[in-house]
Amino acid sequence: MENTSTETGADIGSTGHWKLVWRRFSRHRLAMVSGGILLFIYLVAVFAEFIAPYSATTRFADHQYTPPQVIRPVDTSDGFQLGLFADGYTVEIDETTQQRRVSTDPSQTRELGLFVKGEEYELFGLITWDRHLIGPKNADEPVFILGTDRLGRDMFSRIVHGTRVSMSIGLVGVAVSMVLGIIIGGISGYFGGAIDTAAQRLIEFIMSIPTLPLWMALAAAVPDGWGPLMTYFAITVILSMIGWTELARVVRGRFLALREEEFVEAARLDNCGTFRIMRKYMLPTFSSHIIAALTLAIPAMILAETALSFLGLGLQAPAVSWGVLLQEAQNVRSLMHAPWLLIPGIAVVVAVLTLNFVGDGLRDAADPYT
């Protein structure tokens, strides 16, 4: 036991800071599993066109509110076959209401394949390709893994495409918040005095405004004629304007504690500029804490975008995000006939939980010397 302790102490003394952070983070099993899930989610966002069988706007006129199909590895309808199979569909018309009802039919079988040929798309906006990770081998027999919506659009494909917007808006929003929080909080904590007082009053004013009315007011300022890309940019800015205050307070507190330290005084005596001292000597001392705080802030951004889009204040069709998809769930009548419209909510829960667990792991590993 004594030898183990001695080796551990020697390792800590000779190992770099970030390597120690990674070593401690890797011992957090829940955070490591969540990190793997999070990496998978972002891979889905990057390769959305390849993974989704159809585009986000493809409609199947005869398959409104089609229920999800269960994929099975074995087909026994015509002998014993291994592969990917799903039940077909039967369309019935209610004689009383004249409504079309689609239900799964086990007597029919539709075969799926990997890397099948389908709709053309541009991968990364550069490469024109028509291969999809999964899809029906017969294009005339569509397969809907998670069902369809009221317009006959494949829910699985729309959720995959929505992953890109919902997950990236958190990263972009947090990046903007990080810049604002570090600059304003750093200047406030380093200089103090009247500058600190003015910055803190601004932060307190923003934090005192009720969040939902502020969102409504800022979202109302977005012109109706803006396209999906401009609206996405506007929503990101709106969320960033609200989300930087907490980080600014953390940075300000750390700068107040560090500005009188000996290494900062030595840098001043060495004629280092103010912003060089802040950037090179002060920020690196608690950069791991900033990373942990930002990781925990991303779920709040995702939830905010989802809430805004769900309430009709954020992104709107034809843009596709998890919040936009959940707008379908506002209709109780639709939910009675198509409860699978709530599946995007499960995606939100999984993404937020994984981000929170990764953030908890980073927060625990932020100070590896404890």
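Notes on the structure follow. What you see is a predicted model; the values in this text were computed from it and never measured.

**Describing the overall build of the protein chain**
Counting its regular elements, the protein chain contains 15 helices and 4 strands. Expressed as a percentage of its 370 residues, the buried residues of the protein chain come to 42%. Residue pairs in contact within the protein chain that sit at least 24 positions apart in sequence constitute 66% of those at least 6 positions apart. Per element, the accessible surface of the protein chain, about 19,900 Å² overall, is 63% carbon and sulfur.

**Things to note about a nonpolar patch on the surface**
A cluster of nonpolar side chains, Leu 39, Leu 43, Val 46, Phe 47, Phe 124, Leu 126, Ile 127 and Trp 129, forms an exposed patch at the surface whose accessible area comes to about 790 Å². Taken together, the elements giving at least two residues each to the nonpolar patch come down to α3 (29–46) and β4 (127–136). For the nonpolar patch, the element with the highest residue contribution is α3, accounting for 3 residues. If you trace the backbone, Leu 126 turns up in the loop between β3 (100–123) and β4.

**Some points on the pattern of salt bridges**
The tally for this structure, following the rule as stated, stands at 9 salt bridges. Ionic pairing is found between Arg 164 and Glu 49, a salt bridge with its closest N-O pair at 2.8 Å. One end of the pair, Arg 164, is in helix α5 (residues 155–191); the other, Glu 49, is in helix α4 (residues 48–51), and 115 residues separate them in sequence. On the accessibility criterion, Arg 164 (32% relative accessible area) is partly exposed. When its relative accessible area of 16% is taken as the criterion, Glu 49 is described as buried. Measuring nitrogen to oxygen at the nearest pair gives 2.9 Å for the salt bridge that ties Arg 153 to Asp 149.

**Topic: the nonpolar core**
Ranked by internal contacts, the top residues of the largest apolar core, which has 54 residues, are Met 167, Leu 239, Phe 255, Met 282, Ile 290 and Trp 322. Beyond its immediate sequence surroundings of up to four residues, Phe 255 is in contact with Gly 186, Gly 189, Tyr 190, Met 278, Met 282, Leu 283 and Phe 286.

**Digging into the side chain of Asp 130**
Mapped onto the fold, Asp 130 is located in strand β4. No salt bridge is formed by the buried Asp 130; the nearest opposite charge belongs to Lys 117, separated by 4.0 Å. Residues in contact with Asp 130, not counting those within four places in the same chain, are Val 116, Lys 117, Gly 118, Glu 119, Glu 120 and Tyr 121.

Definitions and limits used
Residue numbers restart at each chain and count upward from 1, following the sequence in its written direction. The predicted origin of the model limits local features to residues at a pLDDT of at least 70 and limits the giving and counting of side-chain atom pairs to 80 or more, whereas totals for whole chains, interfaces and linings rest on all residues. For side-chain calculations, the full set of non-hydrogen atoms in the structure is used, while hydrogens and water are omitted. Only DSSP runs of H or I with at least four residues qualify as helices, and only runs of E with at least two residues qualify as strands; both kinds are numbered from the N terminus onward. Three labels apply to residues, based on accessible area from a 1.4 Å probe with only protein chains included: buried if under 20% of the type maximum, exposed if over 50%, partly exposed otherwise in between. Between two residues, a contact is recorded if the distance between any of their heavy atoms is within 4.5 Å. All accessibility values rest on the Shrake-Rupley procedure with a 1.4 Å probe; residue burial counts only the protein chains present in the view. To count toward a patch, a residue needs a relative accessible area above 30% and no salt bridge. Like charges then connect within 9 Å, nonpolar side chains (Val, Leu, Ile, Met, Phe, Trp, Tyr) within 5 Å. By convention in these notes, a salt bridge is any Lys or Arg side-chain nitrogen within 4 Å of a carboxyl oxygen on Asp or Glu. Buried Ala, Val, Leu, Ile, Met, Phe, Trp, Tyr and Cys residues that are joined via side-chain atoms within 4.5 Å together make up what is termed a nonpolar core. Residues scored as positive are Lys and Arg, those scored as negative are Asp and Glu, and His as well as the terminal groups of each chain are ignored.

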